[in-house]
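Inside the fold
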Amino acid sequence: VQMGRTSEMLGVLSAESARTDLSFSRQVDAQERLIAGNLAADRVEDAVRVMQKIINLDASQKTTAEKAAFAGDRLDQSLALAKLGRLLGKPEWVAEGMRVFEESVEKTLDGITERDSYETESRIRLFYQALLDSHQYAKAESLLVKVIAKKIKPSKSPRPYYSEPEAPTEELMMLAQVYYQAGRYPDILDLLEKAPWWGVKDLMDVYHNFSYDGTALPIMAAQGLQSAGRTAEAIKILKTSIELSPGDDDAYVLLDKIAKEDWIPWLDSLYQRDRFEERPLIWKAHLLQKAGKLDEAEKTILEALHVDPTDGETKSGNRVRAYTVMSEIKAAKGKQDDAKFFADVVEAVRIAEHGDELTGAGLITQSIAEYEKAQAHFADAYCVQWRLAKRFDELGKTEE
C-alpha cells in the first residue's frame, strides 16, 4: 500500500484467500487481511462481502481447535460489520452483525466463569457498546443482567483461587450507563441503593479502584439523586467528582443544570489548586457569559486558552470547549464574524473526530475526505494536518 500499489496488493490477498491448500486458520487470516485492504482503499462493498463470507461460513466439519479459534473470528467480524453499518448509515449491516452475535451470546456467556475469561469478557463489552451505540437499551440491559447472574451464581464445585469470579462491579456500572443513556434515572438510584453485589461500600471506592470508559458513576448517581428531588446530595457528589477529576465536562454540565447558587467562587478555588487545569476557567467563563458579564467572561476564557489551547487529552465531543464558549461570548457581543471563526474551529474538530471514527474502522480513504472537510473549516488546525499526513503516508501518497 505504501508503495502506491493498492490494486496489486488486493489482487495478491484475494488470490491468497481463495487458495484451498492453506490451513483453515491461514485462509481466515488471508480473508481478514483482504477485508482490511478493501476498507482502506474504500472498496467497502467488497470488504463487506468477505465479512459476510466469514460470518456465514459453515465450520461444522472443522476440528474442535479450528472451531474454537474461528468462533472468535466470526464474532469479531460480526461486530466490525455492525460498526461499519452505524458509521455508513447501513442499518441492514448493523442488523446482520448484531444478529450473529446475539445468536451466540448464550454460548459466549458460558466462558464468563472459565479460567481464561478475559477474551470472552472483552467481546461481551464490545457487544454491549455496540448495543449502546445503536440505542438498543433493553437488549443491553438483558445482556448485563445475564452476565451479572453468571458472576454471582454460587459454584457447585470448588474452584482454584485464580478462577473465582469477582464482584460484578464493572457490570453494575455498565448497567447504570444503560439506565443513564435511556433516561431511566430512578433505576440508577435503585441500582446503587438496593443491589447487594457491588463489592464496595462507597462510591469513592468505585471511583478509585475501577477503570471504566463510560460516564463516571458519581455523575450518574447525581442524576439519579436529582430525579428523586435530592438535589443537595447530587450537588455534593458532583463537586466531589469534579475535585477528583476536574477535566470531566459531564459533571460540570449536570452541575450547571441543577445548581441554583453561585458556584463561581468554588471554581476559583478549584483553579487555585491546579493552574494547569483549564476546565474551571472554561466553566467560569460560561457562567459569566450567562450572567451577561461579557468582558469578564472573555478575559477568563482567554486565560483558559493560555493554559491549554489544544484540549487534546479531552474525550471526543468535549474537545475545544473553550472555543465554543468564546463563540458564544462573541455572538453575545454582536461580533458575528468572530463568533463564526470560533464556531468553525469547533466544527473542524467535530468533523475530524468523525474522521477518527472512520480511521478506527479501517476506512482510511474515507477518513481523508473527512479531514480535508475539517481543514476547509479551519485551515490552521495542525491536529487535522497531522492526521491527513499520517493517513496519506499509510496509503503511500508520499507527496501529499
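Residues numbered from 1 in each chain as written. Predicted model: local features only at pLDDT ≥ 70, side-chain atom pairs only at ≥ 80, totals over all residues. Heavy atoms only, no water.

1. What about the overall build of the chain?
Put simply, the rule reads: For helices the rule is a DSSP run of H or I covering at least 4 residues; for strands it is a run of E covering at least 2, with both sets numbered from the N terminus onward. Burial classes follow relative accessibility: with a 1.4 Å probe on protein chains only, a residue under 20% of its type's maximum area counts as buried, one over 50% as exposed, and anything between as partly exposed. Any pair of residues with heavy atoms lying within 4.5 Å of one another is described as a contacting pair. For the area figures, the Shrake-Rupley method with a 1.4 Å probe applies, and any residue is considered shielded solely by the protein chains shown. Counted as positive: Lys and Arg. Counted as negative: Asp and Glu, with His and the chain ends omitted from the count. Where a charge sits is defined by one atom per residue type, namely NZ (Lys), CZ (Arg), CG (Asp) or CD (Glu).
Scanning the chain from N- to C-terminus turns up 20 helices and zero strands. Among the 400 residues that make up the chain, the fraction classed as buried is 46%. Relative to all contacts within the chain whose residues are 6 or more apart in sequence, the contacts with residues 24 or more apart total 59%. With an accessible surface of roughly 20,700 Å², the chain has 51% of that area assigned to carbon and sulfur atoms. Of the charged side chains in the chain, 53 are positive and 68 negative; the average position of the first set lies 3 Å away from that of the second.

2. Thoughts on helix H4 (residues 64-88)
Spelled out, the test is: An expected span of 1.5 Å times one less than the residue number is assigned to each helix.
Over its 25 residues, H4 runs 36 Å from end to end, which matches the ideal 36 Å to within 8%, given 1.5 Å per residue. Taken together, the buried positions of H4 are Phe70, Gly72, Leu75, Gln77, Ser78, Leu79, Leu81, Ala82, Leu84, Gly85 and Leu87.

3. Looking at the pattern of salt bridges
Rule in force here: Whenever Lys or Arg places a side-chain nitrogen within 4 Å of a carboxyl oxygen from Asp or Glu, that contact is recorded as a salt bridge.
Following the criterion strictly, the structure yields 33 salt bridges and no others. As a salt-bridge pair, Glu298 and Lys333 come within 2.5 Å of each other at their nearest N and O atoms. Taken as a pair, Glu298 in helix H16 (residues 294-307) and Lys333 in the loop between helix H17 (321-332) and helix H18 (336-360) lie far apart in primary sequence, 35 residues in all. Taking the relative accessible area as the measure of exposure, Glu298 reaches 14% and is therefore buried.

4. Section: unusual backbone geometry
Despite not being glycine, His135 has its phi angle at roughly 60°, a positive value. Summarising the element assignment, His135 is placed in the loop between helix H6 (118-133) and helix H7 (137-152). Given the relative accessible area of 55%, His135 is considered exposed. The phi dihedral of Val320 falls on the positive side, at around 50°, and the residue is not glycine.

5. Quick word on the nonpolar core
As a reminder, the rule being used: In this description, a nonpolar core means a group of buried Ala, Val, Leu, Ile, Met, Phe, Trp, Tyr and Cys residues linked to one another through side-chain atoms lying within 4.5 Å.
Residues Phe127, Tyr128, Leu191, Leu238, Leu255, Trp263 and Ile301 are the most contacted members of the largest nonpolar core, which totals 90 residues. Counting residues per element, this core draws most heavily on helix H8 (residues 169-181), which supplies eight residues. Setting aside residues up to four positions removed in sequence, Leu255 forms contacts with Ile235, Leu238, Lys239, Ile242, Trp263 and Trp266. Membership of the second largest hydrophobic core comes to 25 residues, among which are Met9, Phe24, Phe70 and Leu363.

6. As for the environment of Arg19
Residue placement: Arg19 occurs in the loop between helix H1 (6-17) and helix H2 (24-40). The spatial distance from the C-alpha of Arg19 to the C-alpha of Gln226 is 61 Å, given a sequence separation of 207 residues.

7. Overview of the side chain of Gln27
By the element assignment, Gln27 lies in helix H2. If we ignore the near neighbours within four places in the chain, the residues touching Gln27 are Arg19, Thr20 and Leu22.

8. With respect to the packing of aromatic side chains
For any pair of aromatic rings, the description consists of the separation of the ring centres together with the inter-plane angle of the planes. To be explicit about the condition: In this analysis, rings of Phe, Tyr and Trp, with Trp reduced to its six-membered ring, are considered paired at centre separations within 6.5 Å, and the interplanar angle assigns stacked below 30 degrees, edge-to-face beyond 60, and tilted for intermediate values. Our definition puts a charge over a ring when NZ of Lys or CZ of Arg is within 6 Å of the ring centre and also within 35 degrees of the ring normal.
What the rule picks out here adds up to seven aromatic pairs. Judged by centre distance (5.6 Å) and plane angle (5°), the rings of Tyr252 and Trp283 are stacked. Highlighted residues: Tyr252 in helix H13 (residues 249-258) and Trp283 in helix H15 (residues 279-290), separated in sequence by 31 residues. Among the aromatic residues, those joined into a cluster by ring pairs are Tyr323, Phe341, Phe342 and Phe378. Positioned over the ring face of Trp93 is Lys90, at 5.6 Å from the centre of the ring.

9. A closer look at helix H9 (residues 185-194)
The test is simple: Each C-beta atom gives one direction from the helix axis, and the arc is the one those directions make.
Inspection of H9 places Ile188, Leu189 and Leu191 among the buried residues, and these make up the whole buried set. The arc that holds every buried residue of H9, seen down its axis, measures 160°, which confines them to one face. Among the structural elements, H8 and helix H11 (217-227) are those in contact with the buried residues of H9.

10. With respect to the confidence of the model for the chain
Keep this limit in mind: Note: pLDDT gives the predictor's confidence per residue, expressed from 0 to 100.
Considering every residue of the chain, the mean pLDDT works out to 87; 92% of them sit at 70 or more. Here helix H10 (residues 203-209) is the element of the chain with the lowest mean pLDDT, 74, and H15 is the one with the highest, 97.

11. Section: the packing of H8 against H9
Short version of the rule: Only the stretch in contact is used when a helix axis is fitted, and all axes are lines through C-alpha atoms; the angle between N-to-C directions ranges over 0 to 180 degrees. Working rule for angles: under 35 degrees goes down as roughly parallel, over 145 as roughly antiparallel, 65 to 115 as roughly perpendicular, anything else as oblique. Take the far helix as your reference; a near helix turned counterclockwise from it by less than a right angle gives a left-handed crossing, and one turned clockwise gives a right-handed crossing. In the scheme used here, Gly and all other residues not listed as nonpolar or charged are polar, with Ala, Val, Leu, Ile, Met, Phe, Trp, Tyr, Cys and Pro taken as nonpolar and Asp, Glu, Lys and Arg as charged.
As a packed pair, H8 and H9 sit with axes 8 Å apart at the nearest point and diverge in direction by 160°. Between H8 and H9, the angle is such that the two are roughly antiparallel. As H8 runs across H9, the sense of the crossing is left-handed. Between H8, through Leu172, Leu175, Ala176, Tyr179 and Tyr180, and H9, the contact on the second element is made entirely by Tyr185, Asp187, Ile188 and Leu191. A per-class count over the contact of H8 with H9 returns eight nonpolar, no polar and one charged.

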